[in-house]
Amino acid sequence: MNSGFLKNLFVWFIIFASLMGAYQILSEGKKNTTEIQYSEFLSRVDSGEVLEVEIKGNQINGQYIPINGSGGTVYFETYGPAGDDLLKQMTEKRVNFKFISTQESGFLAFLINWAPMIILIALMIFFIRQIQAGGRGAMSFGKSRAKMLSKEDNKKTFADVAGIDEAKDEVQEIVDFLKNPKKFTKLGGRIPKGILLVGSPGTGKTLLAKAIAGEAGVPFFIISGSDFVEMFVGVGASRVRDLFAQAKKNSPCIIFVDELDAVGRHRGAGLGGGHDEREQTLNQLLVEMDGFEATEGIIVMAATNRPDVLDPAILRPGRFDRQVVVPKPDVKGREEILKVHSKNVPLDSDVELNTVARSTPGFSGADLENLINEAAIRAARESHTKISMNDIEFAKDKVIMGSERKSLVINDHERKVTAYHEAGHALVAKLTPGTDPVHKVTIIPRGMALGLTMQIPIEDKYMMSRDYLLKTINILLAGRAAEEIIFNERTTGAGNDLERASEIARKMVTEWGMSEKVGPIRLTKKEGEVFLGKEMSTGSQLSPTTSEIIDSEIKSIIVNANNEAMNLLKENEKFLHDLANLLLEQEVVDSKELNKLLGIEEEIKSPPSNNEQEKASNWSPITPETTTAFSEIED
Ligand code: ADP
Ligand code: ZN
């Protein structure tokens, strides 16, 4: 609609411009007009030199041929009264004269007079339309952007939600309440107004909320926190008002606020502080939540994966006073989610969802749905009638590592360097006991990486030992070490490896108390300040001596790891050549081929014994940044 209008405007502009141009040319047709004095004009009339005259009010245009000139016609212009005397004289001297009306005539004059107005009006209409398109009506800025799913539109039920049974149990009573709020509260049931679903993206928070609405058969309002935060002050607050007004009309119902942290961050946390738009919106949300009675049958649910940054006022009684954690699914959960999503796709008899679940630690519900979807696409592309284990394996690689980029042109030397680099990672991983099994090595470029070594832990990890972390750093540095041993050169390909290795080493020293010299102290603050970067807030606390010790500790971890990787690879240089050559030949080497090459029996690695886990100080909880559910070591 808008582009059509724009085009119209443009066409009109062109027409107008060319008319103006034409008028200019027409009116300037009599070029080289010389302005003469009125007296000179009179005397030239008198001497009979003037041939023609046009009179328009006081303006007189015409032409004369000077008697004593070189003979050419001269166009002239002058101003003065054309009185009776003049007319009489001109008649005597046989001058052709005519009068022109002083009124500008016709369309042209109209356009010229009104052009600025027309353009202004057109522009105004244009901007109003723009605004309407943006805010769905200039007058509806403050209307909520919430989408409402009526109970007919919402087909989700608890059967669609798998693998998060505890969360499901916790919200079960909400369903009963929504089915009959009055009855429920008469019997003395206390129902929370607000429920905060906490969990990483894709774990099924939205799905769970929808399923509650679906089970209870009530409307479902969904809005994202970021929709509240607008550039116009006050818009967010009025959207909140509008949303609750709509909800009250449709109660019992559920309001679901996705990304609550977008509005709900700690007030006064932004630089510049004070009453910014977000705070107003948040205040309005709190006011609304305080303002309705539990009996009205409105449940506000919200999702976030950063409950730590939320304003404490949000979590007070009568607001979001109930938190339900929606975790990433464990093996059993993953299997159930896979079952839900493969219900309507034909699976080949060789597909074992349990195996798939075991090889996808760290996958969220959304990842698993994506996995099945990709497998189905691949099966269709290969014209299979059913999804095979092969398709799933392919899809898994794609979900984990991004699509293959077969078209990327890599020259032979780069390919060779990549092969040795990946062989280095894989060999060190393979030859170091107590590390995750190598699942696959490849030098097919994927996403940004030229090659990839993939390790999959036997089971989900919730803690990592110091020893395990050190070995991980060894593996990360092994790619570069291999390049150095074989080619005696260092390439940029190892940049990402170094970054990750340094990051782990830094955390070992500053967060997990794994360095002797620094001791069991946490030297980084939890990230909380919204606008202050992590590093900035850390740096300000540390004394120069401490910083120095930290740096030297990190360095010694890295240098040691590098030496170990170098030594291990030098001792096994034959294997390094063999594996690199095999990679160059077939691009992908899986764990079986790797074992064969190394002459290793297929080993079953056992999880760390309890005994080992008791060395408590050596274990660290996994923070989101370090969760290496599957570690990919990219080149
Ligand atoms: P979140 O709101 O936590 O980011 P969503 O609810 O939007 O995650 O999940 C996206 C999709 O992933 C869902 O529509 C669903 O198809 C799938 N999914 C996620 N978690 C689960 C689960 N526990 N059971 C079944 N499907 C799930
Ligand atoms: Zn690498």
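(A) Representation of the sheet that holds strand β7 (residues 194-198) in the model. Spatially, six strands are ordered β6-β8-β9-β10-β7-β11 in an open sheet, and the strand pairing comes out mixed. Every other strand in the sheet has two partners, leaving β6 (147-149) and β11 (322-325) as the edge strands with one partner each. On average, each strand axis in the sheet is tilted by 20° relative to the strand beside it, whichever way the strands run. Across the sheet, helix α7 (residues 205-216) lies against β6, β7, β8 (220-224), β9 (253-258) and β10 (298-304), angled at about 170° from β9, the strand it touches most.

(B) A look at the pairing of strand β4 (residues 74-79). In this structure, strand β1 (residues 34-35) lies alongside β4, joined through two bridges in parallel fashion. The residue bridging Glu35 from the neighbouring strand is Glu77, located in β4. Pairing of strand β3 (residues 59-64) with β4 involves six bridges; the strand directions are antiparallel. Among the inter-strand pairings, Gln63 is bridged to a residue of β4, identified as Tyr75.

(C) Representation of the packing of aromatic side chains within the structure. Here the structure, examined in full by the defined rule, presents six aromatic pairs. The interplanar angle of 35° and the centroid separation of 6.1 Å between the aromatic rings of Tyr38 and Phe41 together place this pair among those described as tilted. One end of the pair, Tyr38, and the other, Phe41, are both in helix α2 (residues 38-46), three residues apart, so they sit about a helical turn from each other. Measuring from centroid to centroid gives 5.5 Å for Phe41 and Phe76, while their planes differ by 35°, and the two rings are tilted. In this pair, Phe41 is assigned in helix α2 and Phe76 in strand β4, connecting sequence segments 35 residues apart. Accessibility assignment for this pair places Phe41 and Phe76 in one class, buried. Grouped by ring-pair contacts, the aromatic residues Tyr38, Phe41, Tyr64 and Phe76 constitute a single cluster.

(D) Geometry of the site of ligand 1. Within the structure, ligand 1 sits among 16 residues, and Ala162, Gly202, Lys205, Thr206 and His341 are positioned closest to it. In this structure, a nitrogen atom belonging to ligand 1 sits 2.7 Å away from a main-chain N or O atom of Ala162. Contact distances for ligand 1 include 2.8 Å between an oxygen atom and a side-chain N or O atom of Glu369. Here ligand 1, which alone exposes 550 Å², has 82% of that area covered by the protein. Secondary structure elements with two or more residues in the shell around ligand 1: α7, α12 (331-342) and α14 (365-381). Counted by class, the shell around ligand 1 contains seven nonpolar, six polar and three charged residues. Residues from two domains meet in the shell around ligand 1; each of domain 2 (147-325) and domain 3 (331-401) gives at least three.

(E) Highlighting a negative patch on the surface. On the surface, Asp165, Glu166, Asp169 and Glu170 cluster together to form a negatively charged patch. Structurally, the position occupied by Glu170 is in helix α5 (residues 165-179). Glu170 sits in the partly exposed class, given a relative accessible area of 35%.

(F) Region of interest: the packing of helix α16 (residues 412-431) against helix α20 (residues 544-571). Contact pair α16 / α20: the axes reach a minimum separation of 10 Å and the direction vectors enclose 90°. Put simply, α16 runs roughly perpendicular to α20. In this structure, α16 uses Gly424, Leu427, Val428 and Leu431 to contact α20, whose residues at the interface are Ala565, Leu568 and Leu569.

(G) The arrangement of the environment of Leu476 in detail. As for its placement among the helices and strands, Leu476 is situated in helix α17 (residues 466-487). For Leu476, a relative accessible area of 2% translates into the label buried.

(H) Quick look at the side chain of Glu483. Tracing the backbone shows Glu483 in helix α17. We note that Glu483 is buried and unpaired, the nearest opposite charge coming from Arg480 at a distance of 7.4 Å. If near-sequence neighbours (up to four positions away) are discounted, Glu483 is found in contact with Val417, His421, Asn488, Glu489, Arg490 and Thr491.

(I) How the structure looks around the side chain of His439. With respect to the helices and strands, His439 occurs in strand β12 (residues 438-442). Within the structure, the side chain of His439 is placed 3.1 Å from the side chain of Glu393, a separation counted as a polar contact. If we ignore the near neighbours within four places in the chain, the residues touching His439 are Glu393, Lys396, Met454, Gln455, Ile456, Asp590 and Ser591.

(J) Examining the pattern of salt bridges more closely. For the coordinates displayed, the defined rule picks out 16 salt bridges. In this structure, Arg306 engages Asp308 in a salt bridge whose closest nitrogen and oxygen atoms are separated by 3.1 Å. Under the relative-accessibility criterion, Asp308 is labelled partly exposed at 47%. The shortest N-O distance in the salt bridge between Lys440 and Asp397 comes to 2.3 Å. Linking Lys440 in strand β12 with Asp397 in helix α15 (residues 389-401), this pair joins segments that are 43 residues apart in sequence. Within this structure, Glu40, Arg44 and Glu49 form a network of salt bridges that share partners.

About the thresholds
- Counting from 1, residues in each chain are numbered in the order their sequence is written.
- Following the order in which they are written, the chains are lettered starting with A and the ligands numbered starting with 1.
- Local features in this predicted model are restricted to residues of pLDDT 70 or higher, and side-chain atom pairs are both shown and tallied only at a pLDDT of 80 or more, whereas totals for entire chains, interfaces and linings draw on every residue.
- Only hydrogens and water are set aside when side-chain values are computed; all heavy atoms of the structure are taken into account.
- Two strands make a pair as long as DSSP finds a minimum of two bridges between them.
- Per the convention used, a helix needs a DSSP run of H or I reaching at least four residues, while a strand needs a run of E reaching at least two, with both numbered from the N terminus.
- In this description, a line fitted to the C-alpha atoms serves as the axis of each element, helices being fitted only across the stretch in contact, and the angle between N-to-C directions of two axes falls anywhere from 0 to 180 degrees.
- The contact criterion used is simple: two residues touch if any of their non-hydrogen atoms lie within 4.5 Å.
- Put simply, two rings from Phe, Tyr or Trp (the six-membered ring, in Trp's case) pair if the centres are within 6.5 Å, and we call them stacked under 30 degrees between planes, edge-to-face over 60, tilted for the rest.
- Between buried and exposed lies partly exposed: a residue is buried under 20% and exposed over 50% of the maximum accessible area for its type, with that area taken using a 1.4 Å probe on protein chains only.
- Residues are counted as near a molecule or strand when any one of their heavy atoms sits within 4 Å of it.
- Any N or O atom pair separated by 3.5 Å or less is treated as a polar contact, with the protein-specific requirement of one donor-capable and one acceptor-capable atom, and with residues adjacent in sequence counted only for side-chain atom pairs.
- Under the convention used here, a 1.4 Å probe and the Shrake-Rupley method define accessible areas, while residue burial counts only the protein chains that appear.
- For this classification, the nonpolar set comprises Ala, Val, Leu, Ile, Met, Phe, Trp, Tyr, Cys and Pro, the charged set comprises Asp, Glu, Lys and Arg, and every other residue, Gly included, is treated as polar.
- Each domain's extent was defined by an automatic or database domain assignment.
- Nonpolar side chains (Val, Leu, Ile, Met, Phe, Trp, Tyr) within 5 Å and like charges within 9 Å form the patches, drawn only from residues with over 30% relative accessible area and no salt bridge.
- Any Lys or Arg side-chain nitrogen located within 4 Å of an Asp or Glu carboxyl oxygen qualifies as a salt bridge.
- Asp and Glu count as negative and Lys and Arg as positive, but His and the ends of the chain are not part of the count.
- For this purpose, a charge sits on NZ of Lys, CZ of Arg, CG of Asp or CD of Glu.
- Roughly parallel refers to an angle under 35 degrees, roughly antiparallel to one over 145, roughly perpendicular to one between 65 and 115, and oblique to any angle outside these ranges.

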